[in-house]
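Coordinate analysis (summary)
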Amino acid sequence: MWRAAQVERSLLLQAVLAWVVRGSKDVGCDHIMGTSGQSYRWALQNPQLVAPVLLDYDVLEYKSPLMASLTDTALIVSAAADMTANFNLTSSSSAGSASSAPQKYILQTIQFRKPPLVAEGTKQELSHELEAVLVHREVTGSGYFANIIVPIEVSAEPSLDLLAPLLDSAELPQQVGEVSPVLVSSLPVKLAHIFANVSFQHFWGEVTTSCNSASAGARILMRNVTMATSKSRLQRVLNLLKYVPDKPPTPPPVQTWLVQPCRRGSTCSIPAATDLSPQLAEAQAAVTNGTTKLDAAKQAMDASLSALTGNETQISNDVYTTAIRNRDNLRNAQAAVDGATRTVDMLQAQISSAASAVWDSDAPAQTAQTAQAAQAVSSSSSNSSAATAGATAATNSTNATNSTTSGASAVLLASNSEVDGCNADLASPVDVDLSTAEHVDAGQIGDKASEALLFWRLAATPGLPSEAAAAESAAIVPKLRIENLGDRLRIKSEKPLMVFLAEGLELPVSFADISVPGQHSLAGKRAAAEVQLVHMPDDPSKAVAVSLQMDAGDTENSWFQHMGDALPRAGDATEVQGTDPMTMHPAFSRGVAGHFFRYKGRLLKDSRCARIRWHVLEERGHISNRQLAALREVLRPPGSSQMDPSALSPMLLRSQRKVSLASVRSHTQKASSPDSEQDAAYDRPSPSLKSLLLSLPRRSSRGQTLSP
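Below: a short report on this structure.

About the cut-offs
Residues numbered from 1 in each chain as written. Predicted model: local features only at pLDDT ≥ 70, side-chain atom pairs only at ≥ 80, totals over all residues. Heavy atoms only, no water. Core = buried A, V, L, I, M, F, W, Y, C linked by side-chain atoms within 4.5 Å. Buried < 20%, exposed > 50% of the residue type's maximum accessible area, 1.4 Å probe, protein only. Helix = DSSP H or I, 4+ residues; strand = E, 2+ residues; numbered from the N terminus. Salt bridge = Lys/Arg side-chain N within 4 Å of Asp/Glu carboxyl O. Phe/Tyr/Trp six-rings, centres within 6.5 Å; stacked < 30°, edge-to-face > 60°. Lys NZ or Arg CZ within 6 Å of the ring centre and 35° of its normal. Axes fitted to C-alpha atoms, helices over the stretch in contact; angles between N-to-C directions. Parallel < 35°, antiparallel > 145°, perpendicular 65-115°, else oblique. Left-handed = near helix turned anticlockwise from the far one by under 90°. Nonpolar A, V, L, I, M, F, W, Y, C, P; charged D, E, K, R; others polar.

1. Remarks on the nonpolar core
- Formed by 58 residues in total, the largest nonpolar core has its most connected members in Leu66, Met83, Phe87, Phe112, Ile148, Leu191 and Ile194.
- Among the elements that line this core, the one with the most residues is strand S1 (residues 50-59), at 5 residues.
- In terms of nonpolar packing, the next biggest core, distinct from the first, is built from 43 residues, Leu507, Leu567, Leu631 and Val634 among them.

Okay, structure coming up:
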């Protein structure tokens, strides 16, 4: 026992030291989010500038709730992890047939904002009252974003209303910072309508990102046709944005390219550029003819003026009427010449611009910060492994020399910077036998001594380390929302359920899934139940999960205790008061797990773009036979659900919703009696390992290292 405790203590020290050595981290650079960017005056089309690529889109309808948040500039709807909404820019509509790998853009958010305020007496090329900006991030490593800007206007009978499915039956957030579900009606949102039978004007701009507010290059694609909505729905959104200050539009660049969309799998061709030479010749002829007419009108007007001034005392009505007619003819002739001249100037400018234009030649260079952020996770993981190896060598100098990162670990960590969007070749848990997965023993000396998993309650360290331990033990357990998705229960909360440390990263748990029997198998056998704790960032390709295999017996699991009488039926949801998550599994109460299986896979068999790094604990947890029977009564076996895969709607917790010092203080309480219910939940010996963890230097919410 004493030696086991020493090994466990050493394990925890090594892992924590690796995290500390890793140091501060750029704020918001783990999962970089884009913004809607500037509001532009609508771009004019140049028919000779046709992009040599197609916008090859794969967008499916979606009908599960999405989370909407209100900011001081827009109503933002976050895309779900299982949502299929992406596009490529390729020279062919058939995937893989392009001569070079196409850029791939995946939807992050839909942002509704007020249009810019144009000067009085002028108007936009496309008159509209609201803009929807679909913010996409490029996932093959360029660091770029793409904003698709959709103009929306009011129509008495809108046929393709983008707002209807999102807003109907939904209670929108009313205050800045509030988050509410949308898309709660029976209508699916069909984003494919945005791309069908239209074209876009493309140019390059910049957006501010979440990575230290750095700028990144962004493709701006402005839809050439407005979409319609009802007056009542438009007013609901505008009422939320009434305090957003009006701003003038930013002029687009002179050169904008026409980009043609094409549904993935369809046969499309790039449209031919229009030859403007015939139009230019016609406009020049119009100038010549107009000039001739203008000269004739001027001569007639001169004659009328002579007649009016030559005999001012005897001017007949006919002379006066002729003078008025000649004046009007002169004005019309002048206007015709001016219009034809402007047309000639515009056509000549377009022809000249097209002659010198090269597609994507004006793509902005990546800033140093954006380029570094694209590799931040991979680099920091490598640094963490190297630093921990050094710490391990120093601690175990009598048993080992310098440590290096194992090949398997390097491959796993490198996958962070190699995101290729959807991953149909990756296995889901129901297809994985753990005997074929990599087994990690963090207790051994050398390569894997730094890879233990750590667990605690809070999603941020408040103030000083001395305060962290108190906040950790006094934090009130939040209420839990339980959703029955047919073959699993999904557990959510307004705050992260708990936090685990994996591969040097502090990862809040976004949601937990419970299934019976277990999904993973070992030598062909599945556990009685399985709990999957999933960290789902805004970029679903960087998700991480910890899986717990649960055996059934006579002993109750206290974390399940308050759920037994309130489990919802398929398609229903309920709320219960949660219990201490650290009682869910023996490794949680210790704060560390050193033996587990890991592999790279998917969340579900039908998941399209959620790429998960799985960590399956070797140590088994437990639930009682009574609790197992209650779960079986409301769940179908994994993989047997006939529900649409889009029914899975994980709440993507935004980074600013992490627990802050203020929120910790407002959600902590001191029990007045040792017999109180709150004390009963936490009335157990304080594990020395957890105390050690909380006494060591940790990072603040701003990434600063805090000393004890």
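Next comes the rest of the description.
2. Comments concerning the pattern of salt bridges
- Considering all chains together, one arrives at 18 salt bridges under this definition.
- Ionic pairing is found between Arg490 and Asp513, a salt bridge with its closest N-O pair at 2.7 Å. Here Arg490 is found in strand S16 (residues 489-492), whereas its partner Asp513 is found in strand S19 (residues 511-515), with 23 residues between them in sequence. In this structure, Arg490 and Asp513 share a single accessibility class: buried.
- Of the charged contacts, one joins Glu619 and Arg590 as a salt bridge, the two residues approaching to 2.8 Å between their closest N and O atoms. With Glu619 in the loop between strand S27 (611-617) and strand S28 (621-624) and Arg590 in helix H10 (residues 586-590), this residue pair connects regions lying 29 residues apart in the sequence.
- Residue classification places Glu619 among the partly exposed residues on the basis of a relative accessible area of 30%.
- Members of the salt-bridge network, linked through shared partners, are Asp56, Asp58 and Arg264.

3. Describing the packing of aromatic side chains
- Tallied over the full model, the rule gives 9 aromatic pairs.
- Taking 4.5 Å as the distance between ring centres and 45° as the angle between the ring planes, the aromatic pair formed by Phe455 and Phe588 counts as tilted. Here Phe588 lies in helix H10 and Phe455 lies in strand S14 (residues 453-456), a separation of 133 residues in the sequence. Taken as a pair, Phe455 and Phe588 share a single burial class, namely buried.
- Their ring planes at 90° and their centres at 5.4 Å tell us that Trp559 and Phe560 sit as a pair that is edge-to-face. The same class applies to Trp559 as to Phe560, namely buried.
- The ring of Phe511 has Arg490 lying over it, and the distance from NZ or CZ to the ring centre is 3.9 Å.

4. Considering the packing of helix H4 (residues 277-310) against helix H5 (residues 317-356)
- Between H4 and H5, whose axes approach to 7 Å, the crossing angle comes to 155°. Taken together, H4 and H5 sit at an angle that is classed as roughly antiparallel. The chirality of how H4 crosses H5 is left-handed.
- For the contact of H4 with H5, the per-class residue count stands at 20 nonpolar, 13 polar and 3 charged.

So yeah, pure geometry; function would need other evidence.
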